[in-house]
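# Working through the structure, step by step
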Amino acid sequence: MDSLKNDSLIRALLRQPTRRTPVWMMRQAGRHLPEYRALRAHAGDFMSLCSHPEWACEVTLQPLQRYDLDAAILFSDILTIPDAMGLGLYFVEGEGPKFRKPLRCAKDVESLQVLDTAKDLTYVTDAVTLIRRELNGSVPLIGFSGSPWTLATYMIEGAASRDFARTKSWLYEQPELLHQLLDILTASVINYLNAQILSGAQVIQIFDTWGGALSDAAYYEFSLDYMQKVVSSLIPVNEGREVPVILFTKGGGMWLDALAKTGCHALGLDWTVNLGDARRRVGSKVALQGNMDPAVLRAGPAAIEPEVRRILRSFGDGSGHVFNLGHGITPDVDPKHAAFFVDTVHRLSNTG
Ligand code: CP3
């Protein structure tokens, strides 16, 4: 086991005391950084960046060179899994992700095979290995996956969607077919995340970006149950250290109690949740991560400082808080604002 010079993220996720509140930003690597845009132009497109471990490694480290972050997050995408299953991922500028062969019928689901990460996504595990080597124990590396439900929405819609009309038709008209797909995705996500852990990912986050689009009953049946299966099948300890798991359902504030019972270590919160209330509800079971509205970063220091202070006060004293945004940083944020945000979290939370 290599020693970790800054283990404050892992400590906070395990609700152990830290000198100051650790902070990282969802989507911290990406288009708000000019050095990212330059490398992407050189690489040609986003998927080339992801599929070349040297580039994925370089992009992962870019935000750490600018900001005093307490974690690195693997540079990749949640849609690598459906891409590896043969759906043909591509991106259209300004329109987001698309699939050449979205799922349209039962036959399409029956022809899917559970992902074999060692064979199908070696570029991801190679990137993890390389990033760990380059980080050299400075901060922990977060690996991630989409939740089975969120992956299913992209695979069925074939593109970003406002209302998930096709996916919800499956849900209400052929629920067994959707369950069949979710079973395959759950096995794939488990295989993928365990491969990331064995390659060196020290924390895992599951992005359930579209869980909040479900009705209360459907959320339990089609998203939470599958995340629960993932959580209970992940390698719990690697390199002699616990591997904390963070579940993030965007728009999932009303399901925190159920999420906290899955066996995960922490819950990611979007900005609609009152952090203090969330702590009173589930803070004795899990750590909490979040939850500043990313729009505050656009506004600059005069807005950032009071907002960071308010969120730290809302959580209150004691351990178990990881500062983050309530969703990904947007491409129009000035890196100076992001740097000020990270430093402000550290300065205002420092207990000496
Ligand atoms: O957080 C990080 O820095 C790690 C990298 C990361 C990316 N995507 C890089 C990326 C992570 C963790 C993701 C997860 C992801 N991808 C999610 C879940 C998180 C969330 O935001 O809710 C989702 C829903 C996706 C699917 C996806 N991939 C979308 C919607 C987009 C944006 C398309 C667009 O044009 O806005 C992508 C592409 C993508 N993934 C980019 C980055 C940096 C932008 C690609 C580019 O144009 O350079």
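Read on for an overview of the structure. (Residues numbered from 1 in each chain as written. Predicted model: local features only at pLDDT ≥ 70, side-chain atom pairs only at ≥ 80, totals over all residues. Heavy atoms only, no water.)

Another aspect to go through is the pairing of strand β8 (residues 245–249). Counting buried positions along β8 yields 5 of 5 residues, so the element is predominantly enclosed. Side-chain alternation along β8 places V245, L247 and T249 on one buried face and I246 and F248 on a second face that is also buried. The sheet contact formed by strand β5 (residues 203–208) and β8 spans 5 bridges and is parallel. Paired with I204 across the bridge in β8 is V245. (Buried < 20%, exposed > 50% of the residue type's maximum accessible area, 1.4 Å probe, protein only. Helix = DSSP H or I, 4+ residues; strand = E, 2+ residues; numbered from the N terminus. Pairing = 2+ DSSP bridges.)

Running from N to C, helix α11 (residues 175–199) and helix α12 (residues 216–232) cross one another at 30°; their axes reach a closest spacing of 10 Å. The angle between the axes of α11 and α12 places the two elements in the roughly parallel class. Between α11 and α12 lies a crossing whose hand is right-handed. Between α11, through P175, L178, H179, L182, D183, T186, V189, I190 and L193, and α12, the contact on the second element is made entirely by E221, F222, Y226, K229 and V230. Each residue belonging to the contact of α11 with α12 can be placed in one class, and the counts come to 9 nonpolar, 2 polar and 3 charged. (Axes fitted to C-alpha atoms, helices over the stretch in contact; angles between N-to-C directions. Parallel < 35°, antiparallel > 145°, perpendicular 65-115°, else oblique. Left-handed = near helix turned anticlockwise from the far one by under 90°. Contact = heavy atoms within 4.5 Å. Nonpolar A, V, L, I, M, F, W, Y, C, P; charged D, E, K, R; others polar.)

In total, this model carries 9 aromatic pairs according to the counting rule given. Residues F164 and W210 carry aromatic rings whose centres are separated by 5.4 Å and whose planes lie at 50° to one another, so their mutual orientation is tilted. You can see F164 sitting in the loop between α9 (148–157) and α10 (165–173) and its partner W210 sitting in the loop between β5 and α12, a full 46 residues away along the chain. A relative accessible area of 5% places F164 in the buried class. A relative accessible area of 26% means that W210 is categorised as partly exposed. (Phe/Tyr/Trp six-rings, centres within 6.5 Å; stacked < 30°, edge-to-face > 60°.)

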